Amino acid sequence: MDWLTGPFEVTFVQKALWGGMLVSAICSLAGTWVVLRGMAFLGDAMSHGLLPGVALAALFGGNLLVGALLSAAVMTAGVTALSRTPRLSQDTGIGLLFVGMLSLGVIIVSRSQSFAVDLTGFLFGDVLAVRERDLLLLGGALLLALAVSVLGHRAFLALAFDARKAQTLGLRPRLAHAVLLGLLALAIVASFHIVGTLLVLGLLIAPPAAALPWARSVRGVMALAALLGIIATFGGLLLSWHLSTAAGATISALAVSLFFLSHLASGLIHRRSARLLGAHAAATD
């Protein structure tokens, strides 16, 4: 039992666990819609689009979270504006913003004397450096994400399945899309300093995707995704402690592994059910 509980007797690992649990809950709320709407590329672009703001904040000694929020606001506004351009596909616009913001961020970071350290911290995060103030910010972000998810649930649901139907119902799909982008930005900003931008998609996409075969509703996907994210956080920290691996990367890798295990188990159950139904039909005939 010491192997299982020993690491979590250390204060900084306890804080990392709480931070990862809060991030998992936030990412489950935004990530469910990302998976349902096929917005994984947008999520990746949004996460990398934070770099210019974070780099400027680091260069001038400002708050990294404020810098990330400013970059997220620019990315959200840019994606929203480009999505209304009839001659430009949304993927093209997102790709251009992705490359432009990432290039600008690298240019800014290259002006710093600690290029490698700054960029590594941004890309991979440091879940073991979570402070009490970070936990309070994550708690506030979770409450805000919950409020947005509850208030916008009907509009998000209609938008996910039929944007024209949402327009007919008076749910203002363009506004709903912009708010959904804001929810995605909130999840990414809240998570990037925990697991980094390259790894944030692990908790944003893998748990909801793993939950899809087993849940019967959108809320069920969110709840199960949060649980799977927490399992990945606990297991990732445990493995990281004993194997001396990077904590954030281990958490994300375990989250992705849970996705593959989930779909493998689902496929096996469906094939078994199909065989039983076939055997029953043959016996009946």
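Residues numbered from 1 in each chain as written. Predicted model: local features only at pLDDT ≥ 70, side-chain atom pairs only at ≥ 80, totals over all residues. Heavy atoms only, no water.

**So, the confidence of the model for the protein**
Part 1: Mean pLDDT for the protein: 83, with 90% of residues reaching 70 or above.
Part 2: For the protein, helix α7 (residues 115-124) is the element with the lowest average pLDDT, namely 60, and helix α12 (residues 218-243) is the one with the highest, namely 94. (pLDDT = per-residue confidence, 0-100. Helix = DSSP H or I, 4+ residues; strand = E, 2+ residues; numbered from the N terminus.)

**Remarks on unusual backbone geometry**
Part 1: Positive phi outside glycine occurs at Ser244, with the angle close to 60 degrees.
Part 2: Positionally, Ser244 belongs in the loop between α12 and α13 (247-284).

**Remarks on the pattern of salt bridges**
Part 1: One pass over the structure, following the stated rule, counts 1 salt bridge.
Part 2: Between Asp134 and Arg131 there is a salt bridge, with the nearest N and O atoms lying 3.4 Å from each other. (Salt bridge = Lys/Arg side-chain N within 4 Å of Asp/Glu carboxyl O.)

**Quick look at the packing of helix α11 (residues 200-211) against α12**
The geometry of a pair of packed helices is captured by two quantities: the angle between their axes and the separation between those axes.
Part 1: Relative to each other, α11 and α12 sit at 120 degrees, their axes nearing to 8 Å. One way to sum up the angle between α11 and α12 is to call them oblique. Of the two elements, α11 crosses α12, and the hand of that crossing is right-handed. Counting all contacts with α11, which are made through Leu203, Pro207, Pro208, Ala210 and Ala211, the residues of α12 involved are Val221, Leu224, Ala225, Leu228 and Gly229.
Part 2: In terms of residue class, the contact of α11 with α12 is built from 9 nonpolar, 1 polar and no charged. (Axes fitted to C-alpha atoms, helices over the stretch in contact; angles between N-to-C directions. Parallel < 35°, antiparallel > 145°, perpendicular 65-115°, else oblique. Left-handed = near helix turned anticlockwise from the far one by under 90°. Contact = heavy atoms within 4.5 Å. Nonpolar A, V, L, I, M, F, W, Y, C, P; charged D, E, K, R; others polar.)

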